[in-house]
Amino acid sequence: MDLSPQQTLLSVYCARRCWVSPMSPGVLLGEGLGESQLWDPTFPRPLWPLNSEFTFSATNKSRFLPRTWRTWRELIPRDEEAVSPGEETVEALLGLVRSPHSPWALLEGSSAEDRFLRELAIQNPLMLKDTFFYSYFRSLRVVDKQVSLVDKDLLKFLNLEELVLSANQIQEIEAVNLPPTLKVLELYGNEIRSMECLCAAPPPRLQHLGLGHNKLLGPLESLYVTSNHWPNLVSLDLSFNDLTDLQGMMASLGTLSRLRLLVLQGNPLALLPYYRGFTIDSLSQLCVLDDITVSPSEKHQFRGLGRSGDLLARQAQLVVTIGNVKGVQDTSVLDPEPGPQGPFITYSYYVTYDFVEEEEGEESEYGGVLAEIVMPSPSAEQLSEDIPEDVPEEVFEEHEDSAESGLSAQSEEREDSLLSGGSAPLPGVADSAEELAKLRPRRDPRLCPSPGTVLFSTARKPWTDVIPCSYEMQHTLKDLVPLKAFLLAGTTVTIVEEKILSWPAVLPPVDVPLPAKKGKGEKDKKGKKEKDKKGKDGKDMAGKREEEVAKEQKGSKKKELPKELRQDPPILRVLGSGLVVLEPLLAGEPLVSEVCNFGVIRTLETDRLTSLRDSKNKNKRAKKEKTKPAAAVYDGDYQPQPLTVEVQIQLNQCRTAEEALREFAL
């Protein structure tokens, strides 16, 4: 394409000075670039230099700049001029506060008062003085700040209506330092032991008082909840303290004519079976008790119970029920067959739990159901570890002489260790107190009750796939403060395996089976001699008689067991133990039901042996089932059942006034 002289001159000039992009003519990109990139032949008019400045006409559409006439100097970005903060307008500052993307934006959950105070500090900062703040605030919350003292500076809040000082360390609070305009006062989770400090000069307009989770204790606390101190009180929360006097508390609360909401759960007095009915009938104006609305039917069912408070026994009743135990391993399949001299091993299983001890002595009342924790006799492994290597052999000679039998070497070693390992230490072994302590068997701490409790147990049951305990026990307690502490701590449920080894009281003589064998041989020889004399018929008759006598002797040996047995102390083994939480009973729940899961203790080996034994027993009885199909159950995915026990604890509660008078009348 031919260029005019003017265009050629301009191209050369531009090649030396700058480059105009064909995509967006009019944008200065650089200097000293190639000539082939300088000129767009489609540009409608030539561009002429004028005082070293170029004015470009762009009739095509640009994606970057508007279609306007401007010089190239105007396209260069300029540095922003420094502006003093004092020149910012109020609208700009408010925009920074209100924008959610601003670093000065309010945090999530901020109240309308927070927004108002921030905007007020921008619009009229001279108003924010101490007098303004003290008169502005209606609510003040200081939670979990380790506050221990409330001083007179709190009186500067002239219009304060709500004061929350929960989760602090306040033991006493002087009522004279509380603003008289208070309507709500919350002191939850402190260490207040008495309400007497609040009654010196209580706020006259107070409508709600929250003193839950403190340490209020004693019958005198009922003297501080009367209308003389709180004439306008509508709501009162005294939950989770140690209040015990239900009758005295109701007599004082009856003077609060405006009381509509009351919370007393978590106190020992709330454990009484007739607590709810007695409270509802004593406070006829009450609308909500322990966060549950008082229905008209409840008022009708408990009518007249409030006037019979002196006739009701002040005691709580709880019923403990223990159901089935599942997933117990059958340990007996691992034991060898007992010989004529023993040991004869028996296994039994039971469940223990601890419960609060009554002051009068619970043992005399429950007697046989209390668990007897016996010191377990040491096992062979423990004795082999504890006995020194230089023990003289004469110590065991007496036991070795009495233990001669046809048992295997393993059973003889176990017998020797068990015979020599009673509750008393071995003679000649323990020469010091340390060695004596080593030989002493250790008691599992899970088999010991916690302080202030008594250990209860179910009846001993033999092993089955599902062991039915069928246990139910009613506990009646008069001291309610320890009962509350026990429910907060919970009870420990333990599944125990008891192993008892029995031995013949009089060991059978060792030479008893020998005459039978010898006589049998002599009769055989005699039969051979008589074969030539008496002939074939005589031999047959004698042989039959001999076989019958031998069978009778052999069968009598198997069937006859020692009549008198002596038992070693039980060997106890904890299969599973866990805590059952009982705090819901304090929070108003009448029942706690739980299936305690202690994990899997069964193994594939023991389950196969148990299945094999059971199938043999079935074959002997029915003669229909076979062993192989029963054992094939475990060939696939083996999923043993975990060790579980069903536990249920119920707090007795009366449903009508008649039931309360019938069950708990003095």
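Everything that follows concerns the structure shown earlier in this document.
All chains use their own residue numbering, which begins from 1 and follows the written sequence. Per-residue local features of the predicted model are confined to residues with pLDDT of at least 70, and side-chain atom pairs are confined, for both listing and counting, to 80 or more; whole-chain, interface and lining totals are unaffected and use all residues. For side-chain calculations, the full set of non-hydrogen atoms in the structure is used, while hydrogens and water are omitted.

**Student:** Break down the sheet that holds strand β3 (residues 184–186) for me, with residues and values.
**Tutor:** We call two strands paired when DSSP finds no fewer than two bridges between them. Helix and strand assignments follow DSSP, with helices taken as H or I runs no shorter than four residues and strands as E runs no shorter than two, numbered in order from the N terminus. An order of β1-β2-β3-β4-β5-β6-β7-β8 is seen for the eight strands of this open sheet, with the pairing classed as mixed. Both outer strands of the open sheet, β1 (139–141) and β8 (292–293), are each paired with one neighbouring strand and no more. Of the strand pairs in this sheet, strand β5 (residues 235–237) and strand β6 (residues 261–263) are connected by three bridges, and their pairing is parallel. Residue pairing in the sheet places Leu236 in a bridge with Leu262 of β6.

**Student:** Run through the packing of aromatic side chains, naming residues and quoting values.
**Tutor:** For Phe, Tyr and Trp, rings pair up if their centres lie within 6.5 Å, where Trp contributes its six-membered ring, and each pair is then called stacked (planes under 30 degrees apart), edge-to-face (over 60) or tilted (otherwise). A full pass over the atoms with the stated rule returns 11 aromatic pairs. With 5.8 Å between their ring centres and 70° between their planes, Phe132 and Phe133 make a pair best called edge-to-face. Each residue is placed in one exposure class: buried if its accessible area under a 1.4 Å probe, protein chains only, is under 20% of its type's maximum, exposed if it is over 50%, and partly exposed if it falls in between. Judged by relative accessible area, which is 16%, Phe132 ranks as buried. The exposure class of Phe133 is partly exposed, given its relative accessible area of 29%. On the numbers, 6.0 Å between centres and 15° between planes, the contact of Phe133 with Phe137 is stacked.

**Student:** Describe the sheet that holds strand β12 (residues 466–477), naming the residues involved and giving the relevant values.
**Tutor:** Taken together, four strands build an open sheet; the order of strands is β12-β9-β17-β16 and the sheet is antiparallel. Of all strands in the sheet, those with a lone pairing partner are β12 and β16 (591–597), marking the two edges. Put simply, the sheet's adjacent strands are angled 10° from each other on average, direction ignored. Pairing analysis gives seven bridges linking β16 to strand β17 (residues 644–651), with the strands arranged antiparallel. Paired with Cys596 across the two strands is Val645, which belongs to β17. Running at roughly 30° to strand β9 (residues 316–326), helix α13 (residues 480–489) makes contact with β9 and β12 of the sheet. For every element, the axis is a line fit to its C-alpha atoms; helices are fit only across the contacting stretch, and the angle between N-to-C directions ranges from 0 to 180 degrees. Working rule for contacts: check all heavy atoms of both residues, and any pair within 4.5 Å makes them a contact.

**Student:** Provide a residue-level description of the pattern of salt bridges, including the pertinent values.
**Tutor:** Here, a salt bridge means any side-chain nitrogen of Lys or Arg that lies within 4 Å of a carboxyl oxygen of Asp or Glu. Going through the model one piece at a time under the given rule, you end up with 13 salt bridges. Residue Arg566 pairs with Asp568 through a salt bridge whose shortest N-O separation is 3.9 Å. Ionic pairing is found between Arg662 and Glu663, a salt bridge with its closest N-O pair at 3.7 Å. Residue classification places Glu663 among the partly exposed positions, given a relative accessible area of 49%.

**Student:** Please give an account of the packing of helix α2 (residues 90–98) against helix α3 (residues 112–123) that cites residues and values.
**Tutor:** The interhelical angle for the contact between α2 and α3, taken along N-to-C directions, is 160°, at an axis separation of 10 Å. For the element pair α2 / α3, the angle class is roughly antiparallel. Handedness of the α2/α3 crossing: right-handed. In this structure, α2 contributes Val90, Leu93, Leu94, Val97 and Arg98 to the contact, and α3 contributes Arg115, Arg118, Glu119, Ile122 and Gln123. The classification used treats Ala, Val, Leu, Ile, Met, Phe, Trp, Tyr, Cys and Pro as nonpolar, Asp, Glu, Lys and Arg as charged, and all other residues, Gly among them, as polar. A breakdown of the residues in the contact of α2 with α3 according to their chemical character gives five nonpolar, one polar and four charged. Angles below 35 degrees are treated as roughly parallel, those above 145 as roughly antiparallel, those between 65 and 115 as roughly perpendicular, and all remaining angles as oblique. Definitions for this section: a left-handed crossing has its near helix turned counterclockwise from the far helix by less than a right angle. A right-handed crossing has that turn clockwise.

**Student:** An account of the packing of helix α5 (residues 246–253) against helix α6 (residues 275–282) is needed here, citing residue identities and associated values.
**Tutor:** Between two packed helices, the angle of one axis relative to the other and the distance separating the axes together describe the packing. Orientation of α5 relative to α6, taken along the N-to-C sense of each, is 25°, at an axis distance of 10 Å. Relative to α6, the element α5 lies roughly parallel. In terms of crossing hand, the pair formed by α5 and α6 is right-handed. For the pair formed by α5 and α6, the contact residues are Leu246, Gln247 and Met250 on the first element and Tyr275, Phe278, Thr279 and Ser282 on the second. Grouping the constituent residues of the contact of α5 with α6 by class yields four nonpolar, three polar and no charged.

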